[in-house]
Amino acid sequence: MDKMWAGRFSKALNTDADGFNSSIAFDCRMYKQDIKGSMAHAAMLGACGVITESESAQIIEGLQGILDDIDSGALAIDMNAEDIHMFVEAELTKRLGDVGKKLHTGRSRNDQVAVDLRLCMRDEADEIKRLLLKLISAVNSKAAEYADAVMPGYTHLQRAQPVTFGHYLSAYSMMLIRDVTRIEDAVKRMNVSPLGCAALAGTTYPIDREMTASALGFDGITMNSLDGVSDRDYCVELLSCIASIMMHLSRFSEEIILWQSWEFKFIELDDGFTTGSSIMPQKKNPDMAELVRGKTGRVYGDLIAMLTVLKGIPLAYNKDMQEDKEAVFDAVDTVKKCLSVFAPMVETMKAIPENMLSAAKKGFINATDLADYLVGKGLPFRTAYKTVGQTVGFCLKNGKTLEDLSLDEYHAFAREFDCDLYDAIDIKNCVEKRVSAGGTGKSAVKAELAYVSDFLKKYS
Ligand code: ARG
């Protein structure tokens, strides 16, 4: 097939070079956005008198026919075409003859691809947001279910202070909520139209960029045509939003993998989200969580690839930019798959509160509370801290816990200890007392759960 630009050339493109140059294999997924963008452009050309109203109507009808035919499968996208833009235009001309050749008046593939990709990323951002909200809802329900289940909270992966599983899970809700709002922020900047920037310098035709922008649901237009055709910041931003989602999912996965292990056994994942081993009959592996953790690496790679493609290219469009699409598509597809499997995995996972509680009872997790108890009896915190440190040291030497020591034994460390200390170090009480805003106490966690529910309500 002759290239659109064949006129200037005396020789056809080398076959390997042709394949190398082509992007149809991956930009074919933007056919809807490409056709919608062209329809808006054609309508504007008609309204502005650049082409006649009748030509405009014919082009729009022709494009609608192509869209319907691709959707229904009646028209296969030709993988020998250079890209989706060339394919649609060639098909239109095949159907309409000379009128089809008027579509490309006052525009270039440079603004065309820029508008297609923005439309596509806007749709994808919406879908990612929808999946994130589903996951937040699953996490918040689990958090409510286990609002009272006491478990050890860790720092340095060492038992630190008791928390509830509900509180723990709510931490992930907060991260995911930030991911939603991060996407919304990115979409605000993304949602401006580059259509009409043309090749790089704008056009001599009396076009109306605001008209195409509003027809395509954009909030405005890009203010500089050189920037409009060469800006891919919105890809970088969306990629970094996705990288941040993956980072959160990966941390969550890491915890799920630990909790599912026999060493912790804090949770039991549903059989539907685990796999067995080909040789070890006893195995039940958290493959989904591991895959999410693993796929985080490739998404980070996509972000770095995008930044690197952009870092050395002069204004305006350069073919390097064709490399944007595979990176963003891969990241978008990966995060969607991860979110789709993560929500039901969380929904169906069961906690084992007995195991969480018995782990919480080990490791002197109530030592801070014992120090706070002494503060209540009038000791300065640093003195109380040191006294409890000595008491813990004594327990370790003698194979005892703080609960095991008699009041007499306690008195060897401080006279201020009294029999109410046992209540003060009761694990459940330790949790209950942490009512500071955002803390692990019941009333604080209730407020956190309500905050998440209210956030979700805004989208329902
Ligand atoms: N396939 C190209 C891309 O993805 C479309 C833009 C081509 N523009 C050009 N001047 N060659 O970037």
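Going along each chain's sequence as written, the residues are numbered from 1 onward. Predicted model: local features are reported for residues with pLDDT of at least 70 only, side-chain atom pairs are reported and counted for 80 or more only, and whole-chain, interface and lining totals are derived from all residues. Excluded from the side-chain calculations are hydrogens and water; all other atoms, namely the structure's heavy atoms, are used.

Undergrad: Explanation requested: the side chain of R107 in the structure shown.
TA: Structurally, R107 can be placed in the loop between helix 5 (84-96) and helix 6 (109-145). Exposure classes here rest on a 1.4 Å probe applied to the protein chains alone. A residue is buried below 20% of its type maximum, exposed above 50%, and partly exposed in between. Just so you know, the count uses Lys and Arg for positive and Asp and Glu for negative, and it drops His and the chain ends. Salt bridges, as used here, are contacts in which a Lys or Arg side-chain nitrogen is within 4 Å of a carboxyl oxygen on Asp or Glu. Buried within the structure, R107 lacks any salt-bridge partner; E89 is the closest side chain of opposite charge, at an N-O distance of 4.7 Å. There is a polar contact of 2.9 Å between the side chain of R107 and the side chain of S38. Whether two residues are in contact is decided by their heavy atoms: any pair within 4.5 Å suffices. Residues contacting R107, with those up to four places away along its chain left out, are S38, H41, Q112 and A198. Numbering of helices and strands runs from the N terminus; a helix is a DSSP stretch of H or I covering at least four residues, while a strand is a stretch of E covering at least two. By the criterion applied in these results, polar contacts are pairs of N or O atoms within 3.5 Å in which, for protein atoms, one can donate a hydrogen and the other can accept it, and in which residues neighboring in sequence qualify only through two side-chain atoms.

Undergrad: Help me understand the nonpolar core in this model?
TA: Soluble globular proteins tend to bury their nonpolar side chains together. Within the largest apolar cluster, 79 residues are counted, with the highest numbers of intra-cluster contacts made by M121, F165, L249 and W259. When contributions to this core are tallied by element, the ones reaching two or more residues are helix 6, helix 7 (165-190), helix 10 (233-260), helix 11 (287-311), helix 12 (324-348), helix 13 (353-360) and helix 19 (442-457). Looking at this core element by element, the count peaks at 15 residues for helix 10. If we ignore the near neighbours within four places in the chain, the residues touching F165 are Y146, A149, M151, W259, I267, M349, A351 and M356. Nonpolar cores are built from buried Ala, Val, Leu, Ile, Met, Phe, Trp, Tyr and Cys residues. Side-chain atoms within 4.5 Å join them into one set. Among the nonpolar cores identified, the runner-up in size contains 23 residues, and I24, C28, A81 and I84 belong to it.

Undergrad: Please clarify how the pairing of strand 1 (residues 150-155) should be interpreted in this entry.
TA: Regular strands have side chains that alternate between both faces of the sheet. Should DSSP find at least two bridges between two strands, the strands are regarded as paired. The sheet contact formed by strand 1 and strand 2 (residues 158-164) spans six bridges and is antiparallel. Across the sheet, residue M151 finds its bridge partner in strand 2, namely V163.

Undergrad: Can you help me understand the side chain of D179 in this one?
TA: You can see D179 is positioned in helix 7. Those residues in contact with D179 that sit more than four places away from it in its chain are L132, S244, I245 and H248.

Undergrad: Honestly, unusual backbone geometry in this entry has me stumped. Any pointers?
TA: Excluding glycine, residues mostly carry a negative phi; peptide bonds, for their part, are mostly trans. Of note, the bond from L315 into A316 is cis; its omega dihedral lies within 30 degrees of zero at 0°. Turning to its location among the elements, A316 is positioned in the loop between helix 11 and helix 12. The phi torsion at H156 lies on the positive side, around 60°, for a residue other than glycine. Relative to the helices and strands, H156 resides in the loop between strand 1 and strand 2. Positive phi outside glycine occurs at A198, with the angle close to 60°. Examined against the element boundaries, A198 turns out to sit in the loop between strand 3 (192-193) and helix 8 (209-215).

Undergrad: What exactly am I supposed to notice about the site of the ligand here?
TA: Around the ligand sit S23, D27, D83, H85, R109, N110, V113, Y317, Q322 and K325, and that is every residue in its neighbourhood. Contact between the ligand and Q322: a nitrogen atom at 2.8 Å from a side-chain N or O atom of the residue. In terms of residue count, helix 6 provides more of the shell around the ligand than any other element does, three residues in total. Only Asp, Glu, Lys and Arg are considered charged in this grouping, and only Ala, Val, Leu, Ile, Met, Phe, Trp, Tyr, Cys and Pro are considered nonpolar; every other residue, Gly among them, is considered polar. Here the residues of the shell around the ligand are counted per class, giving two nonpolar, four polar and four charged. What makes a residue near a molecule or strand is one non-hydrogen atom of that residue sitting within 4 Å of it.

Undergrad: Where do I start with helix 11 in this structure?
TA: Every α-helix carries 3.6 residues per turn, so stepping three or four residues along brings you back to the same face. Taking 1.5 Å per residue as the helical rise, helix 11 with its 25 residues ought to reach 36 Å, and the 37 Å between its terminal C-alpha atoms agrees with that figure. Buried residues of helix 11: A289, V292, T296, V299, D302, L303, M306 and L310, and no others. Buried residues along helix 11 sit against helix 10 and helix 12. For a helix, the expected span equals 1.5 Å multiplied by the number of residues minus one.

Undergrad: Could you clarify how one ought to interpret the packing of helix 10 against helix 11 in this entry?
TA: Packed helix pairs are specified by the crossing angle of their axes together with the interaxial distance, meaning the distance between the axes. Geometry is summarised by axes, namely lines fitted to C-alpha atoms with helices restricted to the contacting stretch, and by angles between N-to-C directions that run from 0 to 180 degrees. Where helix 10 meets helix 11, the axes come as close as 8 Å, and the angle between the chain directions of the two elements is 160°. On the basis of their axis angle, the class for helix 10 and helix 11 is roughly antiparallel. In this structure, helix 10 crosses over helix 11, and the sense of that crossing is left-handed. Looking at side-chain class alone, the contact of helix 10 with helix 11 contains 18 nonpolar, four polar and five charged residues. Convention used here: angles under 35 degrees read as roughly parallel, angles over 145 as roughly antiparallel, angles from 65 to 115 as roughly perpendicular, and any remaining angle as oblique. The hand of a helix crossing depends on one turn: near helix anticlockwise from the far one by less than a right angle means left-handed, and clockwise means right-handed.

Undergrad: In this structure, what is going on with the packing of aromatic side chains? I would like to understand it.
TA: For any pair of aromatic rings, the description consists of the separation of the ring centres together with the inter-plane angle of the planes. The pairing test for Phe, Tyr and Trp rings, Trp by its six-membered ring, is centres within 6.5 Å, and the orientation test on the planes gives stacked under 30 degrees, edge-to-face over 60, and tilted for anything in between. Inspection of every chain in the model, using the stated rule, returns 13 aromatic pairs. Taking 5.4 Å as the distance between ring centres and 75° as the angle between the ring planes, the aromatic pair formed by Y168 and W259 counts as edge-to-face. In this pair, Y168 sits in helix 7 while W259 sits in helix 10, placing the two residues 91 residues apart along the sequence. Residue Y168 is classed as buried on the basis of its relative accessible area, which comes to 16%. By way of ring pairs, the aromatic residues Y146, F165, Y168 and W259 are connected into one cluster. Here the guanidinium or amino end of R8 rests over the ring plane of F9, the centre of that ring lying 5.5 Å away. Either the NZ atom of lysine or the CZ atom of arginine qualifies as a charge over a ring when it sits within 6 Å of the ring centre and within 35 degrees of the ring normal. Sitting above the plane of the W262 ring, K265 keeps its charged end 4.7 Å from the centroid.

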